[in-house]
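What follows is the residue order along each chain.
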Amino acid sequence: MVSNSGGLRPRPAAAVERWDHEADVVVAGYGVAGASAAVAAAQEGADVLVLERTGGWGGAAAMAGGFIYLGGGTPLQKACGFEDSVESMKAFMTAALGPGVDAEKIDAYCEGSVDHYGWLVECGVPFKESFWGEPGWEPPGDDGLQYTGGENAAPFAATIPPAPRGHVPQMADKQSGGERGGGYMLMKPLTDTATELGVRSVYDTRVQTLVVDESGRVVGLVATQYGKEVTIRARRGVVLATGSFAYNDRMVEAHAPRLVGRPAASIEEHDGKAIQIAQALGADLAHMDATEVAFFCDPQLFIRGILVNGRGQRYINEDTYPGRVGQATLIENQNQSFLVIDEAAYEEALATPTATPFLRHQPSWVCETVEELESEMGLPAGTLQATVEVYNRHAANGEDPVLGKKSEWVRPIGSPVAAIDLRGFTGGFTLGGLRTSVESEVLHVSGEPIPGLFAAGRCTAGVSAGGYASGASLGDGSFFGRRAGRSAAKG
């Protein structure tokens, strides 16, 4: 076997002495994008081989809560009594996931959303026809639908008809994350379907570089398995689906430095390799600075108080999607956040159901007055007092004209009053990656597709350009994974 002295650089096909594996379509990565690509390619009649770096299928998707962002009037939305339209979904995603969203991808995704829901159901993904309307990162039970993007909160609800679009697969005795979460019940039906369709898989196989023929077409991959080099020929196409670059320190420092030292909701296998090997062929990138940001506090808590920054000022409506809170905290407020809440509201929050009891924090300071609390917190004199005075003045009328929190969650802050120190309580994963077409072709910096190369999932720049909604990753990973599989099968 010829050694790959070029590292990530593509291997000429003429230098490959023999192929250890062959298939029509070769998929790298067996998370949601890879599984969706494998199923779709097999449904097109292709012989499919999946390469997976770990010892089994699943990826980050299997560990996730399982939300899939779908809308436009899915059967689940209708069964739960909600109306939605493709136009409303497009308007919301364009506003909330920008700036700089790929309009073609948003259009395709929204227009194909109901069909995609049907495809997932045909693959065996179960959804319970029930809605969870309480604040939270995810339903504590097996409800199938939830608001997961702030659609029903300011600033969006004032101009775009809101509808819940977080569809979560049903899992009995669910636990947050792992094999008892909704993500597992998305992945298991997909991989079972792939197996039934004859998809083959090779585990403990780590992709190293691409193989190209003399015309520049991608015709295979070089990988390592137990330290030995293996070569895999793709007769029609290669699909890259190996996840984000959240665990590649050098890439995070270069492109998304706010996440340095704080990856979350990701897995260590997300090392950016797919991005790098495609870059070596001249692949274009997009939105490499974009990040999802989790806020490590239970929404049942912070919705009942006010979140203030290091200057004692409110900075976001507390009833919005907690991922928006995370982004506003990390990106706009230097990771400085405190929750100010009175005793009655704190006790009320503790009595509510939640999927994330580990995010219910004890107060850091408790005082009789806001003035005392401000001093204990070390805030400039008068800042927090002014914030609470303005909030309480309008809250007495059930209003929040400053940030637009819904009246049902607006209540004057009383005494005793506490603050929870939430500085640094954020983490997240990267959203940028390879620039792809709506048919999941990897695009060269010239704008032309790289022949034989397709990609989907978090190694690509999907529907999220800056903002985020829970379910956007599993949503566009599965949606454009399907397209990648179909495109690759056509060769």
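Treat the numbers as computed from the prediction; the structure is a model and nothing was measured. (Residues numbered from 1 in each chain as written. Predicted model: local features only at pLDDT ≥ 70, side-chain atom pairs only at ≥ 80, totals over all residues. Heavy atoms only, no water.)

Draft legend 1. Layout of the pattern of salt bridges. Enumeration over the complete set of coordinates arrives at 28 salt bridges. Here Glu318 makes a salt bridge to Lys405, at a shortest N to O gap of 3.2 Å. Placement of Glu318 in the loop between strand S13 (306-308) and helix H11 (322-332) and of Lys405 in the loop between helix H14 (383-395) and strand S16 (417-421) is noted, with a sequence separation of 87 residues between them. The two residues Glu318 and Lys405 agree in class, both being buried. Salt bridges sharing common partners tie together Glu22, Asp24, Asp47, Arg200, Arg233, Arg235 and Arg236. (Salt bridge = Lys/Arg side-chain N within 4 Å of Asp/Glu carboxyl O. Helix = DSSP H or I, 4+ residues; strand = E, 2+ residues; numbered from the N terminus. Buried < 20%, exposed > 50% of the residue type's maximum accessible area, 1.4 Å probe, protein only.)

Draft legend 2. Structural context of the environment of Ala328. Note that Ala328 resides in helix H11. You can call Ala328 buried: its relative accessible area is 4%. Not counting residues within four places of it along the chain, the set of residues in contact with Ala328 comprises Tyr315, Ile316 and Asn333. (Contact = heavy atoms within 4.5 Å.)

Draft legend 3. Fine view of the confidence of the model for the protein. Model confidence for the protein is summarised by a mean pLDDT of 95, while 97% of its residues fall at 70 or above. Throughout residues 1-5 the model reports pLDDT below 50, and contacts reaching past four residues in sequence, or to other chains, amount to 13 contacts. (pLDDT = per-residue confidence, 0-100.)

Draft legend 4. Inspection of the sheet that holds strand S15 (residues 365-367) at higher detail. Here we have four strands laid out as an open sheet, ordered S13-S14-S16-S15, and antiparallel in their pairing. The open sheet has two free edges, formed respectively by S13 and S15, since each of these has just one partner strand. Neighbour-to-neighbour, the strand axes of the sheet open up by a mean angle of 25 degrees, direction not taken into account. Bridging between S15 and S16 involves three bridges; their strand directions are antiparallel. Bridge assignment links Val366 to a residue of S16, and that residue is Ala418. Packed onto the sheet, helix H13 (residues 370-377) meets strand S14 (338-342), S15 and S16 and runs at close to 155 degrees relative to S15. The strands that H14 touches are S13 and S14; relative to S13, the one it contacts most, it runs at about 150 degrees. (Pairing = 2+ DSSP bridges. Axes fitted to C-alpha atoms, helices over the stretch in contact; angles between N-to-C directions.)

Draft legend 5. Examining the environment of Leu431 more closely. If you trace the backbone, Leu431 turns up in the loop between strand S17 (426-430) and strand S18 (433-434). When its relative accessible area of 0% is taken as the criterion, Leu431 is described as buried. Taking the C-alpha atoms as reference points, Leu431 and Gly112, separated by 319 residues in sequence, lie 22 Å from one another.

Draft legend 6. Geometry of the pairing of strand S10 (residues 228-240). Of the pairings in the sheet, the one linking strand S2 (residues 21-28) to S10 comprises seven bridges and is parallel in character. Each bridged residue has a counterpart across the sheet, and for Val26 the counterpart in S10 is Val238. Direction of pairing for strand S9 (residues 218-225) relative to S10: antiparallel, over a ladder of six bridges. Note on S10: the bridge partner recorded for Gln225 is Lys228. The antiparallel pairing of S9 with S10 creates a hairpin that spans two residues between the two strands, and Tyr226 there sits at a positive phi of about 55 degrees. Alignment of S10 against strand S20 (residues 449-455), held across three bridges, turns out to be parallel. Bridged to Leu240 within S20 is Ala455.

Draft legend 7. A look at empty space enclosed by the protein. What the rule picks out here adds up to one cavity of 30 Å³ or more. Contributing to the lining of the largest cavity are Arg304, Ile341, Asp342, Ala345, Trp409, Arg411, Pro412 and Ile413. Taken together, the residues of the lining of the largest cavity break down into five nonpolar, no polar and three charged. (1 Å grid on protein atoms, 1.4 Å probe; cavity = no way out; pocket = protein on both sides within 12 Å on 5 of 7 lines; lining within 4 Å. Points joined across faces, edges and corners; volume = space filled by probe spheres on them. Nonpolar A, V, L, I, M, F, W, Y, C, P; charged D, E, K, R; others polar.)

Draft legend 8. A look at the pairing of S2. Summarising burial for S2: six of the eight residues are buried, a large majority. Pairing analysis gives four bridges linking S2 to strand S3 (residues 48-51), with the strands arranged parallel. Within S3, the position partnered with Val25 by the bridge is Val48.

Draft legend 9. Here's a closer look at unusual backbone geometry. Residue Pro155 is reached from Ala154 by a cis peptide bond, and omega for that bond is 5 degrees. Positionally, Pro155 belongs in the loop between strand S5 (145-146) and strand S6 (166-167). Cis rather than trans, the peptide bond between Ser415 and Pro416 has omega equal to -5 degrees. Along the polypeptide, Pro416 turns up in the loop between H14 and S16. A positive phi angle, close to 55 degrees, is found at Tyr226, a residue other than glycine. Note on Tyr226: relative accessible area 68%, which makes it exposed. Positive phi outside glycine occurs at Gln334, with the angle close to 55 degrees. Position of Gln334 among the secondary structure elements: in the loop between H11 and S14.

Draft legend 10. Quick peek at helix H15 (residues 472-490). Given a rise of 1.5 Å per residue, 19 residues ought to cover 27 Å, and the 27 Å separating the end C-alpha atoms of H15 matches this to within 8%. Counting buried positions along H15 gives 17 out of 19 residues, so the element sits mostly inside the fold. Of the residues flanking the end of H15, it is Gly491, one or two places downstream, whose phi is positive at about 75 degrees. (Expected span 1.5 Å × (residues − 1).)

Draft legend 11. Spotlight on the sheet that holds strand S4 (residues 68-69). One open sheet accounts for three strands, arranged S4-S6-S5; its pairing is antiparallel. Bordering the open sheet on either side are S4 and S5, each of which pairs with just one other strand. With two bridges joining them, S4 and S6 adopt antiparallel strand pairing. Note that in S6 the partner of Tyr69 across the bridge is Gly166.

Draft legend 12. Broad picture of the side chain of Ser244. Within the secondary structure layout, Ser244 lies in the loop between S10 and helix H8 (249-255). A relative accessible area of 1% places Ser244 in the buried class. At 3.0 Å, the side chain of Ser244 and the side chain of His270 are in polar contact. Residue contacts for Ser244: discarding those within four places in its chain leaves Ser266, His270, Asp271, Gly272, Thr430, Arg458 and Cys459. (Polar contact = N/O pair within 3.5 Å; in protein donor to acceptor, adjacent residues only side chain to side chain.)

Draft legend 13. Quick look at a negative patch on the surface. There is a patch of like negative charges on the surface, built from Glu343, Glu347, Glu368, Glu371, Glu372 and Glu376. At the level of secondary structure, the elements contributing two or more residues to the negative patch comprise helix H12 (343-350) and H13. With respect to the secondary-structure elements, Glu371 resides in helix H13. (Patch = residues over 30% accessible without salt bridge, like charges linked within 9 Å, V, L, I, M, F, W, Y side chains within 5 Å. Areas by Shrake-Rupley, 256 points an atom, 1.4 Å probe, with all protein chains shown as cover. Lys, Arg positive; Asp, Glu negative; His and termini not counted. Charge placed at Lys NZ, Arg CZ, Asp CG, Glu CD.)

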